[in-house]
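Chain residues, written in single-letter form:
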Amino acid sequence: MANISEIAPNVYRISVYYPAAHLQFNHFLVKDDEPLLFHTGLRGMHREIREAVSRLMDVSDLRHISFSHFESDECGALNEWLGAAPQADVICSQVGALVSVNDFMGREARALADGESFSTGKYRFRYCQTPHLPHGWDAGMLFEETEKTLLCSDLFHQVGDVEPITSDDVVGRSYEAMKAYQAGLLAEYVPYTPLTAQNLKKLAALQPKTLAVMHGSSFAGDCVRALNELDTAFREIFGRLEPASPES
Ligand SMILES: [Fe+2]
Ligand SMILES: [Fe+2]
């Protein structure tokens, strides 16, 4: 059964731990006049996540579904969710809508440009386009402007069945996870491009108070510092010129 924790006012983290990958998959439900789900989750986890959402609200009342980039854990169960909540719109980047999402759904997404915003009632979300951060041409994030929560997808990825929210060193934990991944199948998780530092600076300029993290603990604390330190960690791990060797 998925674990539910409120990590910021009306932001519920619905977490499924997958032991085979030693990894949590976290989905965020924002309860408001027009409820929003960020990350649909994998198709294989849909039943479990939907059951968790139904503990918090009537699933058919969902009005917005959003995610960072086109990947199964981000949006694999999109069509299952649209079956359960047909009135919901799907919010993603313009690139995402054009190259994947519209075709995948057989309908039009609500494609947002960088900086565009929308309201769910009490809360207001700004779309932040972050190409190739964490990965994917179509990547972006949502920033909730009232409580200053950044829904930051795969950034700060940590392994293990960890606590819902922490003020500990998430950058250090994420650095260790990325380093370990570099030795295996999941190497090159984040492409370090000339845009990486710029994207992270743009997110830091929002001055978030909470980071809603897809894999691992969410973070409450000095988020500006964490985002700046994440750039240093990414540059060290992913910014070199040589390809990763399996032994490294
Ligand atoms: Fe991803
Ligand atoms: Fe992910």
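Remember, predicted model here, so these are calculated numbers, not experimental data.

Draft legend 1. Structural view of the overall build of the protein chain. Of the regular secondary structure elements, the protein chain holds 7 helices and 14 strands. Taken over the C-alpha trace, the protein chain has a radius of gyration of 17 Å; the compact-globule value for 248 residues is 18 Å, and the two agree within 12%. Its C-alpha atoms give the protein chain principal-axis dimensions of roughly 50 × 35 × 35 Å. Scored against the burial criterion, the 248 residues of the protein chain give a buried share of 53%. The contacts of the protein chain with a sequence gap of at least 6 include a subset with a gap of at least 24, amounting to 61%. A total accessible area of about 10,500 Å² is found for the protein chain, and carbon and sulfur atoms account for 51% of it. For the protein chain, the distance from the average site of its 21 positive side-chain charges to the average site of its 34 negative ones is 3 Å.

Draft legend 2. Fine view of the pattern of salt bridges. A complete count under the given rule lists 8 salt bridges for this structure. Residues Arg 173 and Glu 163 are paired through a salt bridge, measuring 3.0 Å at the closest nitrogen-oxygen approach. Placement of the pair is Arg 173 in helix H5 (residues 170–181) and Glu 163 in the loop between strand S11 (149–151) and strand S12 (165–166), with a sequence separation of 10 residues. Using a relative accessible area of 24% as the deciding quantity, one classes Arg 173 as partly exposed. Relative accessible area serves as the criterion here: at 31%, Glu 163 is assigned to the partly exposed category.

Reading the values: rules and limits
- Residues numbered from 1 in each chain as written.
- Chains lettered and ligands numbered in written order.
- Predicted model: local features only at pLDDT ≥ 70, side-chain atom pairs only at ≥ 80, totals over all residues.
- Heavy atoms only, no water.
- Helix = DSSP H or I, 4+ residues; strand = E, 2+ residues; numbered from the N terminus.
- Rg over C-alpha atoms; globule rule 2.2 N^0.38 Å.
- Buried < 20%, exposed > 50% of the residue type's maximum accessible area, 1.4 Å probe, protein only.
- Contact = heavy atoms within 4.5 Å.
- Areas by Shrake-Rupley, 256 points an atom, 1.4 Å probe, with all protein chains shown as cover.
- Lys, Arg positive; Asp, Glu negative; His and termini not counted.
- Charge placed at Lys NZ, Arg CZ, Asp CG, Glu CD.
- Salt bridge = Lys/Arg side-chain N within 4 Å of Asp/Glu carboxyl O.

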